[in-house]
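Listed below are the residues making up each chain.
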Amino acid sequence: DSLVTNPVCKLHRAIALFCGKAPEVQVSMRVSSPSEIERLVLDGSYDVGLGACGQHSPYLEYEDLFEERQVLYCGEGHPMFKRNSTVGLADLDDQHFVRRAYAAPDKLPSGIGRTIEAVADLMEGVAALILSGKFIGFLPAHMAQQWVSTDMMRPILDQELGYQNPVYVTTR
């Protein structure tokens, strides 16, 4: 989900190398949640999966490839948007958060209440909810950059709450 915008990933180069070495193989790609990727690899529908987060299955092999930075964002129209440089941890209490439907790290300090949450299966849904100006949530920095550069989204407490999340390859 959104790995194509990650400059560290270089998935396109891996595909090109693979197709050059095995031109007879049909490549099939599917963008899914980490749990769905693991299910498809486990049942043999797919040979390999790329993912982040998820609950690692004892029946699959995992190898960390790289990390991507996750940052908390708000969208234009959100009360924190115009004051993002003056926002403190206490301001996050009782905010409306969007979270991913799959198991993702929760890097918020304890004690921050979340009164209403929105849930999205993939990061594109998380981005849409953040861009609505009604929710705040974590996105990979490389993905959010397109909206940050056009001032439609702003980071919140990047230094305090931003974190690295491993991206892995999984096989049977």
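Scroll up to find the structure.
The notes below deal with the structure included here. (Residues numbered from 1 in each chain as written. Predicted model: local features only at pLDDT ≥ 70, side-chain atom pairs only at ≥ 80, totals over all residues. Heavy atoms only, no water.)

### Considerations on the pairing of strand β7 (residues 163-171)
- Examined bridge by bridge, strand β1 (residues 48-52) and β7 share five bridges and lie antiparallel to one another. What sits directly across from Ala52, in β7, is Val167.
- Of the strand pairs in this sheet, strand β2 (residues 61-75) and β7 are connected by nine bridges, and their pairing is antiparallel. Within β7, the position partnered with Glu68 by the bridge is Asn165. (Pairing = 2+ DSSP bridges. Helix = DSSP H or I, 4+ residues; strand = E, 2+ residues; numbered from the N terminus.)

### Quick word on the pattern of salt bridges
- Applying the stated criterion across every chain, the model contains eight salt bridges.
- Between Arg39 and Glu36 there is a salt bridge; the shortest N-O distance is 2.7 Å. On the criterion of helical spacing, the pair formed by Arg39 and Glu36 is a turn pair, its members being three residues apart in helix α2 (residues 34-42).
- For the salt bridge of Glu117 with Arg99, the shortest nitrogen-to-oxygen distance reads 2.9 Å. Residue Glu117 is located in strand β4 (residues 117-120), and its partner Arg99 is located in strand β3 (residues 97-100); the two are separated by 18 residues in the primary sequence.
- Residue classification places Glu117 among the partly exposed positions, given a relative accessible area of 35%.
- Residue class for Arg99 comes out partly exposed when judged on its relative accessible area of 36%. (Salt bridge = Lys/Arg side-chain N within 4 Å of Asp/Glu carboxyl O. Buried < 20%, exposed > 50% of the residue type's maximum accessible area, 1.4 Å probe, protein only.)

### Looking at the nonpolar core
- The biggest cluster of nonpolar side chains holds 22 residues, and the ones touching the most others in it are Tyr73, Val98, Val126, Ile130, Leu139, Met143 and Met153.
- Every element with two or more residues in this core is listed here: β2, β4, α3 (123-131) and α4 (141-148).
- Here the element with the most residues in this core is α3; it accounts for four residues.
- Leaving out residues up to four positions away in the same chain, Met143 has contacts with Ser2, Thr5, Met123, Glu124 and Ala127.
- Among the nonpolar cores identified, the runner-up in size contains 14 residues, and Cys74, Leu92, Leu108 and Ile136 belong to it. (Core = buried A, V, L, I, M, F, W, Y, C linked by side-chain atoms within 4.5 Å. Contact = heavy atoms within 4.5 Å.)

### Comments concerning the packing of aromatic side chains
- Taken as a whole and assessed by the stated rule, the structure comprises two aromatic pairs.
- Ring geometry for Tyr62 against Tyr168: centres 5.2 Å apart, planes inclined by 80 degrees, an arrangement best described as edge-to-face. Of the two residues, Tyr62 is situated in strand β2 and Tyr168 in strand β7; the sequence distance between them amounts to 106 residues.
- The ring of Phe81 has Arg154 lying over it, and the distance from NZ or CZ to the ring centre is 4.0 Å. (Phe/Tyr/Trp six-rings, centres within 6.5 Å; stacked < 30°, edge-to-face > 60°. Lys NZ or Arg CZ within 6 Å of the ring centre and 35° of its normal.)

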